[in-house]
Amino acid sequence: MNVEDLVDKVARGEIKLHQVEKYTDGDKRLATEIRRNALEKRLGISLENIGHYSIDPNQVIGRNIENMIGVVQIPMGVAGPLKINGEYAKGEFYIPLATTEGALVASVNRGCSALTEAGGVKTTVVGDKMTRAPLLKCPDARRAREVAEWVKANLDYLQEKAVSKVTRHGKLRDVKPFIVGNNLYLRFEFETGDAMGMNMVTISSEEIMKVLEEEFPDVGYLALSGNLCVDKKPNAMNFINGRGKTVIAEAIIPREIVEKKLKTTPELIAEVNYRKNLVGSAQAGSYGFNAHFANIVGAIFLATGQDEAQITEGAHGITLAEVTPEGNLYISITMPSLEIGTVGGGTRVPTQREALSIMGVAGGGDPPGTNAKKFAEIIAGAVLAGELSLLAAIAAKHLAKAHKELGR
């Protein structure tokens, strides 16, 4: 069957979109073109720009995408350099930001400039775990407690019997049980090296469930995720307990830099932060006591191949600002749930891998896990730059002006 016939059959629905590769001898680039051309023919539209890309469909179909028809392109800018004084990120970094929001890159860039001139950002990773929380149905609450206690006492056994069978990198470190009636939720905590780790902990948790079914035949395994993980939803669990990397970025900015570069004062920034980010967010019932974590997290995630749905938890967090006894500005951001990786998933896509290489974090670290922690510190520094710049713009009443000039 020639290409034109294939396009016609797909357009008419005689060949389903996911079946096209069967007719192209496994050539995924050709299958991508056929699907796109069939869609154009069926809908009477042009998808010319979607069809221009450098990514090889043979590399991403079956790993990162299904039914591929092309690529959506998002403008990418860069902010920096930003000086970071971290435990893993040390030096000056440029931050790639993929966005269609005018003024965002310029704003982060201004924050980077002020922070770097002030001596840089101090970053600290205070937590590192990926979680999965399977759901078990028990005969009653007492049996649920017995199972929970057995699991807590046998983590090393479960690592050897289950987790080590399916991964060399995942390490089961802890479990937090939650019992609701006869429902038992086991929130497992894993170390996952430089991978974000969702696939790793999901597969490992399934192996653990097989062991528990053997040990406790009267207990029913209902769901691999009982929603206490918690993944891709705003939630108090991750805000309080953390998931992925929990990281803090902080800096002291001398008064003269605040006045010269940011056109405001430490007092005004601290007051705006208190009344907007803390009181306003509390009144709104928000899990984000911040100005716009999601803006920076989202732009970095899209640029570097992170799971874009986890921008939700990345937007959790608290911004603090106060005037020091010397009259300078102390500002910090705390991110409890930054779920990121430098290997696996979308980080394998060539354009996203190049963006990671801008920050020197593409691929695995030596020792394992250090690249992901370095990446977390860089993201936290960029988020602090974005928060500082936006708070200053609001305090100086420059926000609308900036968007008139750059965001139209």
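Quantities reported herein were computed from a predicted structural model and do not represent experimental measurements.

### Notes on the overall build of the chain
Of regular secondary structure, the chain possesses 15 helices and eleven strands. Principal-axis analysis of the C-alpha atoms places the extent of the chain at approximately 70 × 65 × 40 Å. Looking at the chain residue by residue over its 408 residues, the buried ones come to 50%. Counting only contacts in the chain whose residues sit at least 6 apart along the sequence, the fraction spanning at least 24 positions is 72%. Carbon and sulfur atoms form 50% of the exposed surface of the chain, whose accessible area is close to 18800 Å². Averaging the locations of the 48 positively and 49 negatively charged side chains of the chain gives two centres separated by 2 Å.

### Quick word on the nonpolar core
One finds Leu115, Ile269, Met335 and Leu388 to be the most contacted residues of the largest nonpolar core, which totals 55 residues. It is helix H14 (residues 370-395) that provides the largest number of residues to this core, a total of 14 residues. The contacts of isoleucine 269, once residues within four sequence positions are left out, are Val258, Leu262, Thr264, Ala321, Leu329, Leu388, Leu391, Ala392 and Ala395. In terms of nonpolar packing, the next biggest core, distinct from the first, is built from 27 residues, Leu136, Ala148, Phe190 and Val219 among them.

### So, the domain arrangement of the chain
In terms of domain boundaries, the chain breaks down into domain 1 (3-59), domain 2 (76-128 + 235-407) and domain 3 (134-223). Computed from C-alpha atoms alone, the centre-to-centre distance between domain 2 and domain 3 is 34 Å. Between domain 2 and domain 3, the buried area comes to about 940 Å², and carbon and sulfur atoms account for 49% of it. Along the contact surface separating domain 2 from domain 3 lie six residue pairs in polar contact (both at pLDDT 80 or more). Looking at the side of domain 2 that touches domain 3, the elements that each hand over two or more residues are helix H8 (236-241) and H14.

### A few points about a nonpolar patch on the surface
A contiguous nonpolar patch, built from Leu39, Leu43 and Ile45 and spanning about 240 Å² of accessible area, is present on the exposed surface. Among the secondary structure elements, leucine 43 is positioned in helix H2 (residues 28-43).

### Here's the deal with the side chain of threonine 319
By the element assignment, threonine 319 lies in strand S10 (residues 317-323). A distance of 2.6 Å separates the side chain of threonine 319 from the side chain of glutamate 387, its partner in a polar contact. Apart from the residues within four sequence positions on either side, threonine 319 is in contact with Asn273, Asn277, Leu278, Phe289, Asn290, Phe293, Ile331, Ser332, Ile333, Glu387 and Leu391.

### So, helix H10 (residues 266-284)
The end-to-end C-alpha distance of H10, which contains 19 residues, comes to 25 Å, matching closely the 27 Å that a straight helix rising 1.5 Å per residue would cover. In the structure, H10 departs most strongly from a straight axis at asparagine 273, where the bend amounts to approximately 25°. Within H10 the residues assigned to the buried category are Pro266, Ile269, Ala270, Val272, Asn273, Asn277 and Ser281. Within two residues after H10, glycine 285 carries a phi angle of roughly 70°, on the positive side.

### Describing the packing of helix H11 (residues 293-304) against helix H13 (residues 350-358)
Packing of H11 against H13 brings their axes to within 7 Å, and their N-to-C directions diverge by 120°. Overall, the two elements H11 and H13 adopt an arrangement that is oblique. Along the contact surface, H11 presents Leu302, Ala303 and Thr304, while H13 presents Thr351, Gln352, Ala355 and Leu356. Residue composition of the contact of H11 with H13, grouped by class: four nonpolar, three polar and no charged.

### Here we look at the environment of methionine 1
Positionally, methionine 1 belongs in the segment before helix H1 (3-12). The exposure class assigned to methionine 1 is exposed, which follows from its relative accessible area of 55%. Between the C-alpha atom of methionine 1 and that of tyrosine 23, which follows or precedes it by 22 residues, the distance is 7.8 Å. For methionine 1, the contacting residues outside a window of four places in its chain are Leu6, Lys9, Ile15 and Tyr23.

Thresholds applied
- Residues numbered from 1 in each chain as written.
- Predicted model: local features only at pLDDT ≥ 70, side-chain atom pairs only at ≥ 80, totals over all residues.
- Heavy atoms only, no water.
- Helix = DSSP H or I, 4+ residues; strand = E, 2+ residues; numbered from the N terminus.
- Buried < 20%, exposed > 50% of the residue type's maximum accessible area, 1.4 Å probe, protein only.
- Contact = heavy atoms within 4.5 Å.
- Areas by Shrake-Rupley, 256 points an atom, 1.4 Å probe, with all protein chains shown as cover.
- Lys, Arg positive; Asp, Glu negative; His and termini not counted.
- Charge placed at Lys NZ, Arg CZ, Asp CG, Glu CD.
- Core = buried A, V, L, I, M, F, W, Y, C linked by side-chain atoms within 4.5 Å.
- Domains from an automatic or database assignment.
- Buried area = accessible area lost by both parts, 1.4 Å probe.
- Polar contact = N/O pair within 3.5 Å; in protein donor to acceptor, adjacent residues only side chain to side chain.
- Patch = residues over 30% accessible without salt bridge, like charges linked within 9 Å, V, L, I, M, F, W, Y side chains within 5 Å.
- Salt bridge = Lys/Arg side-chain N within 4 Å of Asp/Glu carboxyl O.
- Expected span 1.5 Å × (residues − 1).
- Bend = angle between axes of the 7 residues up to and from the residue.
- Axes fitted to C-alpha atoms, helices over the stretch in contact; angles between N-to-C directions.
- Parallel < 35°, antiparallel > 145°, perpendicular 65-115°, else oblique.
- Nonpolar A, V, L, I, M, F, W, Y, C, P; charged D, E, K, R; others polar.

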